[in-house]
Amino acid sequence: ERVGHAVSRQGAGMQYLFVLSFCLIVACCAGATVCPTGHFLNSTQDCEPCHKGSECTNTTCISCTPCPIGTGKSFDGPESCTPCPAHFYQWEEGKTSCYNCPSFSGTLSTGSASFVDCICEDGRYIAAIGEPPQWECVTCPKVGQCEDNTAMFGDGIWERQGDAGLAVLLSCPAGFLLFNRTHDDQQCYLCPVNSYSLDAMEGCDKSVTPFSCPERDCIDCPVGGFCSGGDKFQPSVFNSEWEEEIFNGKRTIRVKRCPPSMVLVRSEDDPTLDNCVVCDPSECVQCEAKYPGVMHAEREADVEAICKTCDGCPGAVDGLPDGFAARGSAPSFLLMLA
């Protein structure tokens, strides 16, 4: 009986220890203070898997944190957030997915955190288009150089619409014409040899916004000079004077004065005919041709007739300057000696 009693008491003690351990385990689980990886402690002190857009990568966790930029997670679970795949990006924390790169672009690696990581293919540049703005890789203007998300647009002053919108050509230097029929065709067109331009905006429709400038020709060089391209003009006759004048709405180079013994040819209808033509043989050596009225011809075909009369010369008698006679007549000083 003593032995049995002792055994009975020992068995009771073991039962007590088992019940105590069980109660401790239950109490610990019911009142948890930490959770395993990928879980958080909820309001009832239970461990719950991290929700979508969040993670906990520590060995023990109390709370989950938002997915970092460049990652996303679209489900509830203990798994970590996943880096954005190639050609995708995410610039905000706590997101469930990543954004596609614009068409004609891609990233160089995974986990991209900005659209800037989306590199447009050569011949295109990144721009914010529409309202609300959407990033697009747009075709580079044909005079531009666009590669690796950098763009250079050639001659003239260019501006991006908004902060990072389409590139717009605003103005061109003298000697050029501004073309902007389409975004891709925008350019400052340099006038070639034998032509010129003094105003790049001539011929543009400025009544619309943005202004419209179709492709058009530069002004032809007058026959009395040489145009080496751009806005360059060099008179053929030394000491002749030329001036700028508005002709048919365009800034045009016109002849104003020619040296003595010459006729100034200047048409009211065609500036390309402007010239200084020598009288041969010269009978009007003291006459400086000026526009209007002195030794002035509308056409080169009239030069010979003007030379015969020295038309408009100051001090002329019967159309000839003092001391001169008509062709075939002796000069007045010889007649006095006879």
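Bear in mind that the values here come from a model prediction, so they are computed numbers and not experimental data.

Reading the values: rules and limits
Residues numbered from 1 in each chain as written. Predicted model: local features only at pLDDT ≥ 70, side-chain atom pairs only at ≥ 80, totals over all residues. Heavy atoms only, no water. Helix = DSSP H or I, 4+ residues; strand = E, 2+ residues; numbered from the N terminus. Buried < 20%, exposed > 50% of the residue type's maximum accessible area, 1.4 Å probe, protein only. Contact = heavy atoms within 4.5 Å. Areas by Shrake-Rupley, 256 points an atom, 1.4 Å probe, with all protein chains shown as cover. Pairing = 2+ DSSP bridges. Axes fitted to C-alpha atoms, helices over the stretch in contact; angles between N-to-C directions. Core = buried A, V, L, I, M, F, W, Y, C linked by side-chain atoms within 4.5 Å. pLDDT = per-residue confidence, 0-100. Salt bridge = Lys/Arg side-chain N within 4 Å of Asp/Glu carboxyl O. Disulfide = S-S within 2.5 Å. Phe/Tyr/Trp six-rings, centres within 6.5 Å; stacked < 30°, edge-to-face > 60°. Lys NZ or Arg CZ within 6 Å of the ring centre and 35° of its normal.

With respect to the overall build of the protein chain
Argument step 1. When helices and strands are tallied, the protein chain shows three helices and 30 strands.
Argument step 2. Every one of the 338 residues in the protein chain was classed for burial, and the buried ones make up 36%.
Argument step 3. Nonlocal contacts in the protein chain, meaning residues at least 24 apart in sequence, comprise 41% of its contacts between residues at least 6 apart.
Argument step 4. Summed over all atoms, the accessible surface of the protein chain reaches about 19900 Å², with 56% contributed by carbon and sulfur.

What about the sheet that holds strand S25 (residues 241-247)?
Argument step 1. Judged by pairing direction, the sheet is antiparallel, and its three strands sit side by side in the order S25-S26-S29 without closing on themselves. Each having just a single partner strand, S25 and strand S29 (288-290) make up the two edges of the open sheet. For this sheet the average axis-to-axis angle between neighbouring strands, irrespective of direction, equals 25 degrees.

Here we look at the nonpolar core
Argument step 1. Formed by 29 residues in total, the largest nonpolar core has its most connected members in Cys258, Val263 and Met295.
Argument step 2. Secondary-structure elements contributing two or more residues to this core are strand S26 (250-260), strand S27 (262-265), strand S28 (275-278) and helix H2 (303-309).
Argument step 3. In terms of residue count, the dominant contributor to this core is S27 (four residues).
Argument step 4. Among residues more than four places away in sequence, those in contact with Met295 are Met262, Val263, Leu264, Cys279, Cys284, Cys287, Ala289, Ile306, Cys310, Asp311 and Cys313.
Argument step 5. Counting 18 residues, the second-largest nonpolar core is a separate cluster that includes Ala167, Cys172, Met201 and Cys204.

Points about the pairing of S26
Argument step 1. Across seven bridges, S25 lies against S26 in antiparallel orientation. Note on S26: the bridge partner recorded for Glu244 is Ile253.
Argument step 2. Linking two consecutive strands that pair antiparallel, namely S25 and S26, is a turn of two residues; a positive phi of about 50 degrees is found at Asn248 within it.
Argument step 3. With two bridges joining them, S26 and S29 adopt antiparallel strand pairing. Residue pairing across strands places Arg257 opposite Lys290, the latter belonging to S29.

Section: the confidence of the model for the protein chain
Argument step 1. In the predicted model, the protein chain carries a mean pLDDT of 83, and 82% of its residues have values of at least 70.
Argument step 2. Low pLDDT, under 50, characterises residues 1-30; the stretch is placed with two contacts to residues that sit more than four places away or in other chains.
Argument step 3. Low confidence marks residues 316-338, where pLDDT is under 50. Its contacts with residues over four positions away, or in another chain, come to 33 contacts.

Topic: the pattern of salt bridges
Argument step 1. Enumeration over the complete set of coordinates arrives at 14 salt bridges.
Argument step 2. Of the charged contacts, one joins Glu92 and Lys95 as a salt bridge, the two residues approaching to 3.7 Å between their closest N and O atoms.
Argument step 3. Of the charged contacts, one joins Arg266 and Glu243 as a salt bridge, the two residues approaching to 3.4 Å between their closest N and O atoms. Separated by 23 residues along the polypeptide, Arg266 in the loop between S27 and S28 and Glu243 in strand S25 bring together distant segments of the chain.
Argument step 4. On the accessibility criterion, Arg266 (1% relative accessible area) is buried.
Argument step 5. Taking relative accessible area as the criterion, Glu243 reaches 26% and is therefore assigned partly exposed.

Quick look at the sheet that holds S27
Argument step 1. Taken together, the three strands give an open sheet; going across it, the order is S28-S27-S30, and neighbouring strands pair in mixed fashion. Strands with a single pairing partner mark the edges of an open sheet, and in this sheet they are S28 and strand S30 (296-297).

Describing the environment of Thr110
Argument step 1. As for its position among the elements, Thr110 is in the loop between strand S11 (105-106) and strand S12 (119-120).
Argument step 2. Among the residues examined, Thr110 registers a relative accessible area of 52% and is labelled exposed.
Argument step 3. Here Thr110 is in contact with Cys84, Pro85 and Ala86, once residues within four sequence places are set aside.

Focus: the state of the cysteines
Argument step 1. With the rule as written, the count across this model stands at 14 disulfides.
Argument step 2. In this model, Cys67 is linked to Cys81 through a disulfide, with the two sulfur atoms separated by 1.9 Å. Sign of the S-S torsion, about -75 degrees for the bond between Cys67 and Cys81, identifies this disulfide as left-handed. Here Cys67 is found in the loop between strand S6 (65-66) and strand S7 (71-72), whereas its partner Cys81 is found in the loop between S7 and strand S8 (82-83), with 14 residues between them in sequence.

Considerations on the packing of aromatic side chains
Argument step 1. The full count for this structure, using the stated rule, is six aromatic pairs.
Argument step 2. On the basis of an interplanar angle of 20 degrees and a centroid distance of 3.9 Å, the ring pair of Phe115 and Trp135 is categorised as stacked. Within this pair, whereas Phe115 is found in the loop between S11 and S12, its partner Trp135 is found in strand S14 (residues 134-139), the two being separated by 20 residues in sequence.
Argument step 3. The rings of Tyr125, Phe153 and Trp158 are connected pair by pair, giving a single aromatic cluster.
Argument step 4. Over the ring of Phe247 we find Arg254; its NZ or CZ atom is 5.6 Å from the centre of that ring.
Argument step 5. Residue placement shows Arg266 over the ring face of Tyr291; its charged tip is 3.9 Å from the ring centre.

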